[in-house]
Amino acid sequence: MALVYKDFSEDASDEFWCAGDNQLFLTPYVWGDSRRCGIAWTEVDKIVFPCRLPSEDDEAVTHFLLGVLDLNQKKIDVYDSIYSEPYEAGMNYMQMYARMIPHLLKFSQFDKNHKSFGNVFNKFDIQWTDCGAFLIKFAELLMIGKDVQQFQPEDIKDFRKELAANLWAHGEWKRNSGYDTPPENVGDDYESENETFCPKEL
């Protein structure tokens, strides 16, 4: 998305979306043709995507956000582990998605294939939510199809204990198995077949 956004404008024509890199990077996500997104957006109502904010020199990692694209409500919910209010760097980055995605969907004739999206392609709204523990819990609930609104603030104390126990168990697994976390580099997606991953059940 960031690679394409630098050349994007609100009056982008179909030719823009058909250009080599633009079509290669973005349209496969909509139709489920990307190896990183194996299901078409027309089959779902919400799309969860992590965001890594770029640093000023585009080298160091600055901060992570979790975005949830709500196709029915035409909004992006942003779950932030630090900031409770939108801030310039984060908002500017999310505006990229809020502006480009409606145009991408319009070009893809998304309204003809999604059961409830409709035919309005305005810029998506952005809503901000904070707290690191809440972010992790919301990501878990969203991934298993549960309503995040059912998770109450008073439940976060128990979840923090659960999270601490899971982190401890993961650390023990790493120590006993001899696994070393590989260094993180900009652009890594850890899809190498040679990598060793932690089992789902510890």
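Since the model is a prediction, treat every value here as computed from it, not as a measurement.

A.B. asks: Where do I start with the overall build of the chain in this structure?
C.D. replies: Along its length, the chain carries 7 helices and 4 strands. The N-to-C order of helical and strand elements in the chain reads α-α-α-α-β-β-β-α-β-α-α. Per-residue burial for the chain yields a buried fraction of 35% across its 202 residues. In the chain, of all internal contacts separated by at least 6 residues, the share reaching a separation of at least 24 is 58%.

A.B. asks: For this particular structure, what's the right way to read the pairing of strand 1 (residues 46-53)?
C.D. replies: The side chains of a regular strand alternate, residue by residue, between the two faces of the sheet. Judged by which residues are buried, strand 1 turns out to be one-sided: Ile47, Phe49, Cys51 and Leu53 face inward and are buried, whereas Lys46, Val48, Pro50 and Arg52, on the alternate face, are not. Two strands pair when backbone bridges link them, and strand 1 and strand 2 (residues 63-70) are joined in this way by 8 bridges, in the antiparallel orientation. Its bridge partner being in strand 2, Cys51 is matched across the sheet by Leu65.

A.B. asks: I'm lost on the packing of aromatic side chains in this one. Help?
C.D. replies: We describe a pair of aromatic rings using the distance from one ring centre to the other and the angle between the two ring planes. Across all of its chains, the model carries 4 aromatic pairs by this definition. Judged by centre distance (5.2 Å) and plane angle (90°), the rings of Phe110 and Phe117 are edge-to-face. Connected via pairs of aromatic rings, a cluster forms that spans Phe49, Tyr93 and Tyr97. A cation over a ring is seen here: Lys74 above Phe117, with NZ or CZ 4.2 Å from the ring centre.

What counts and what doesn't
- Residues numbered from 1 in each chain as written.
- Predicted model: local features only at pLDDT ≥ 70, side-chain atom pairs only at ≥ 80, totals over all residues.
- Heavy atoms only, no water.
- Helix = DSSP H or I, 4+ residues; strand = E, 2+ residues; numbered from the N terminus.
- Buried < 20%, exposed > 50% of the residue type's maximum accessible area, 1.4 Å probe, protein only.
- Contact = heavy atoms within 4.5 Å.
- Pairing = 2+ DSSP bridges.
- Phe/Tyr/Trp six-rings, centres within 6.5 Å; stacked < 30°, edge-to-face > 60°.
- Lys NZ or Arg CZ within 6 Å of the ring centre and 35° of its normal.

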